[in-house]
Amino acid sequence: MSKVVGIDLGTTNSLVAYVGKDGPLVIRDGSGDGLLPSIVSLGANDVVYVGREAQRRLLTEPLRTVYSVKRFMGRGSDDVRDEARLFPFRLRGEAGGVVRVGLGDREFTPPEISAFILRELKRRAEEHFQEQGEFDFEVDRAVITVPAYFNDAQRTATRDAGRIAGLEVLRIINEPTAASLAYGLDQRKTGTIAVYDFGGGTFDISILRVEDGVFQVLATNGDTHLGGDDIDQLMVALVTREMGAGMGAADASPARLQAIRQAVIQAKWDLSERADTEIRVTEPGGGDAGAPIFRRSLSRDEFERIIRPVVERTLGPCRLAMADAGLEPAQIDEAVLVGGSTRIPLVRRSVQELFGRPPHTGLNPDEVVALGAAIQAHIMVSGSRDMLLLDVTPLSLGIETMGGAMSKIILRNSTIPASGTEMFTTFVDNQTAVDIHVLQGERELVSDNRSLARFKLRGIPPMPAGLPRIQVRFQIDANGILSVGARELRTAIEQTIEVKPSYGLTDEEVERMLLESFEHAEADVEARFLIEVRNEAETVLRATEKSLRNPDLAVAATTDLAPGELAAIESALADLRSVMESNNRAVIEQKTRVLNDVTRHLAEVMMNRGVRAALTGRNVNGI
Amino acid sequence: MSSEARTLTLQSCRHCGAGAPAQVHFCPQCDRILTLARHGDYFSFFGLPRKLTIDLADLEQRFRALSRQFHPDYFYNASTPERLASLERSSYLNDAFRVLKQPLDRAEYLLKVEGLPSVGRHQDAKELPAGVLEEVFALNEELDDIRAAREAGATPDQLMARLDAARRPVEERAARQEAQLEALFSRWDRQVDEKSSPDVRRATLESLRDLIQERSYIANLIAAVNRERGES
């Protein structure tokens, strides 16, 4: 049986987990790292890099490297115009259409970029299962998490990303709810919990009732554009301002901007552990690479003054969620922290003040969502009925009525699946079609809400105006995704519905992208080989350099090495170093082989000396 | 249709064709989840009599138990008709729970399934009894005066005092309405237990409908006064 996994597709990092014999487990890469940076970079010849390798390229190839793509999922190019200035990569797309990210001379939609990340996680998981000796190690199904406050378009975009990556998406579940599953498994308690999920790009608060193994969300609220990114941007602004005229964010080169971003992120991390740190920015590239260009000390107090407005923006949604749940802070038994930004001491203090008790910090805030997703995937395929998630729709669903007002059909915080019906009729005689505009949001006016889709009801039997009675049924499924059905009640004729998602991909587009991804699979495999070859070269380089630094070498060189042997090694070393950044896999492989060959004798000599040294002074019987 | 007649309605299993009472969710013969029938109501879906007083802890417990029986998470491997049935039954369950747990929504729903015309949300003031109508007019006049006083520069303290005085009689009426509502709930439940005649029960439902209508009018008035307080 093929494998199922749970995936946390995060703004900053993504993770994959599964439920094994001993419970849920995050799958790590070769170096033990569970986090995959949600970064994608396009190299020469359309080679795609994902994760750490792409992260390194943020500095060297800022125009071809995209991060925080989750912020653009399910959004229109009009929505992101203001934000686009803050990112070094190009964001475009026709007016009224879906956002496109330009990398090199290619363009990708956010679901396609996310699909690269998902494919990498799928590959990581398959490698893991293969190493475990599993016969059928293919991963073809997954539960993927999204912020609770994601709207229909953002959820659909996430599901599309899964399909493009070749995954059947079992379920889209909300991140805080996923976290509560992992928490519940850990604690096995009954009670009311608040999950405060402050991640890289999004903020969610969910209030849940846990009883009889049922995790019932009472209310949820949040902000899909509030996260650690906003803290980073405030800090980047501080540094560019202080660096002086001509160094403003708009003027700094993309590579410098990335260098500043990485420096302030490091300082942010430091200040979760210490009361003081230093922001150090070094020149990212060119002849002066590594030269310091900015230094400044930063205390936790000053940091907290700067970021306080961002942290305070999380408190409003918390109060609204509690009001919707009909609860007072004192009725919350436990506040659970999720997301990397909850490591910030000011965030923890703010949560403590709000709920009047210290938050639960026993879970790894980076991993808990992926673990919960794995549990949900397990529930769905194993037939286990120990636990059940009952989530809600975060936003009200409605339709446009006369005069540009929104009429609500399914209210926010309704448990999903949920449905609602609305009656329509015709305005002129023999009218056979009716336009319906579907919206999501809490505001009164259409223009203040999110446009989800426009439907055309066709095939209405010709009748005098006002006579047809068309019942339109809106169904929100357990993924929080909408579908629509309609029938004319007088004739019982089912209507055909044409869906034009306002900011999404059509099924045909998703299909085409899936096919394209197969065409590029060859380039992707090539990228993987290149990374492996580079890693191998790096290992040989490091080992050689270590030998050359060995204090015993001077002695060995005079007694054991041939004349010119050291010079040959140094030349082979320099040769390999010079091709490390090249994309030519064969050249790197060849130079690695040369270095390996010329150092073989040296390695033997050093090993023998090591053995001899170890043996010296020991009595034969001791060996 | 009376509630007794309704429980006799049958649904049939699309898989094996066996008949089943309206209030069961799984086929008695083949155990498959039943496609949601068009008839039936929220009360019978929960296995509850059509009464207005509901023990909330019991309702919640039933809700969780039913969720565990037919949530779509548990039908992932099932056939397409069963998956659809699970989706429809879960949606219906969630809608039913939302309505039944709120006493007023529950009462309005009962009026609907018992065939009474729906309670108007923006009803005509002239439908209200004379006593209530007088109170409404008086309060609206007073609110106009208070707005004028504010324009003329009255202090917040003066405005607050007048608003509080204006609010008192409507709040007293609202409290009386709550007590009347409770009495009507008990009367209806007793009539169900005693199997009173349809005419007697109909009269109770009509009183209930009038009261709910009045109540929503008074609630709007209190909200209007509170808005004014917010601005003072």
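This one's a predicted model, so the numbers in the text were calculated from it and none came from an experiment.

### Observations concerning the sheet that holds strand 7 (residues 65–67) of chain A
Residue and element names in this part refer to chain A. On the basis of which strands lie adjacent, the open sheet formed by 3 strands has the order 6-5-7 and antiparallel pairing. Among the strands making up the open sheet, the edge pair consists of strand 6 (48–50) and strand 7. This sheet shows a mean twist of 20 degrees between the axes of neighbouring strands, independent of strand direction. Lying on the sheet, helix 1 (residues 52–60) is in contact with strand 5 (39–42), strand 6 and strand 7; it crosses strand 5 at an angle near 70 degrees.

### Some words on the interface of chain B and chain A
Each partner contributes to the interface: chain B provides 20 residues, whereas chain A provides 30 residues. Summed over both partners, the interface of chain B with chain A buries about 2200 Å², with 47% contributed by carbon and sulfur atoms. On the chain B side of the contact with chain A, B:Arg64, B:Arg68 and B:Tyr76 bury the most area, a combined 31% of that side's loss. Applying the counting criterion to the chain B and chain A interface returns 3 salt bridges. Residue assignment for the side of chain B that touches chain A shows that the elements contributing at least two residues are helix 3 (56–70) and helix 4 (80–101) of chain B. Top contributing element to the side of chain B that touches chain A by residue count: helix 4 of chain B, with 8 residues. Of the residues assigned to the side of chain B that touches chain A, the class counts are 7 nonpolar, 7 polar and 6 charged.

### Focus: the packing of helix 6 (residues 228–243) of chain A against helix 7 (residues 254–273) of chain A
All names here are of chain A. Remark: helix 6 packs on helix 7, axes separated minimally by 9 Å, with the N-to-C direction vectors making an angle of 115 degrees. Like other packed secondary-structure pairs, helix 6 and helix 7 cross with a definite hand, here right-handed. Seen from helix 6, the contacting residues are Gly228, Ile231, Asp232, Met235, Val236, Val239, Thr240 and Met243; seen from helix 7, they are Leu257, Ile260, Arg261, Val264, Ile265 and Lys268. By residue class, the composition of the contact of helix 6 with helix 7 is 9 nonpolar, 2 polar and 3 charged.

### Quick look at the sheet that holds strand 26 (residues 482–488) of chain A
Strand order in the open sheet formed by 4 strands is 22-25-26-27 (chain A), and the pairing between neighbours is antiparallel. With partners counted over all chains shown, the strands left at the sheet margins are strand 22 (418–424) and strand 27 (493–494) of chain A, one partner each. Note: strand 25 (residues 470–476) of chain A against strand 26 of chain A, 7 bridges, orientation antiparallel. When the sheet's bridge partners are listed, A:Gln471 is paired in strand 26 of chain A with A:Arg487. Against the sheet, helix 4 of chain B engages strand 22 and strand 25 of chain A, with an angle of about 85 degrees to strand 22 of chain A.

### Comments concerning the packing of aromatic side chains
Taken as a whole and judged by the stated rule, the model has 17 aromatic pairs over all chains. With a centroid separation of 6.5 Å and an interplanar angle of 90 degrees, the aromatic rings of A:Phe72 and A:Phe89 are classed as edge-to-face. Of the two residues, A:Phe72 sits in the loop between strand 7 and helix 2 (81–84) while A:Phe89 sits in the loop between helix 2 and strand 8 (90–92), which places them 17 residues apart along the sequence. Under the relative-accessibility criterion, A:Phe72 is labelled buried at 0%. Through pairs of rings, three or more aromatic residues link up here, namely B:Phe26, B:Tyr42, B:Phe43, B:Phe45, B:Phe70, B:Tyr92 and B:Tyr109. Across from the ring centre of A:Phe129, 5.7 Å away, lies the NZ or CZ of A:Lys3, which sits over that ring.

Cut-off values and rules
Residues numbered from 1 in each chain as written. Chains lettered and ligands numbered in written order. Predicted model: local features only at pLDDT ≥ 70, side-chain atom pairs only at ≥ 80, totals over all residues. Heavy atoms only, no water. Pairing = 2+ DSSP bridges. Helix = DSSP H or I, 4+ residues; strand = E, 2+ residues; numbered from the N terminus. Axes fitted to C-alpha atoms, helices over the stretch in contact; angles between N-to-C directions. Contact = heavy atoms within 4.5 Å. Buried area = accessible area lost by both parts, 1.4 Å probe. Salt bridge = Lys/Arg side-chain N within 4 Å of Asp/Glu carboxyl O. Nonpolar A, V, L, I, M, F, W, Y, C, P; charged D, E, K, R; others polar. Left-handed = near helix turned anticlockwise from the far one by under 90°. Phe/Tyr/Trp six-rings, centres within 6.5 Å; stacked < 30°, edge-to-face > 60°. Buried < 20%, exposed > 50% of the residue type's maximum accessible area, 1.4 Å probe, protein only. Lys NZ or Arg CZ within 6 Å of the ring centre and 35° of its normal.

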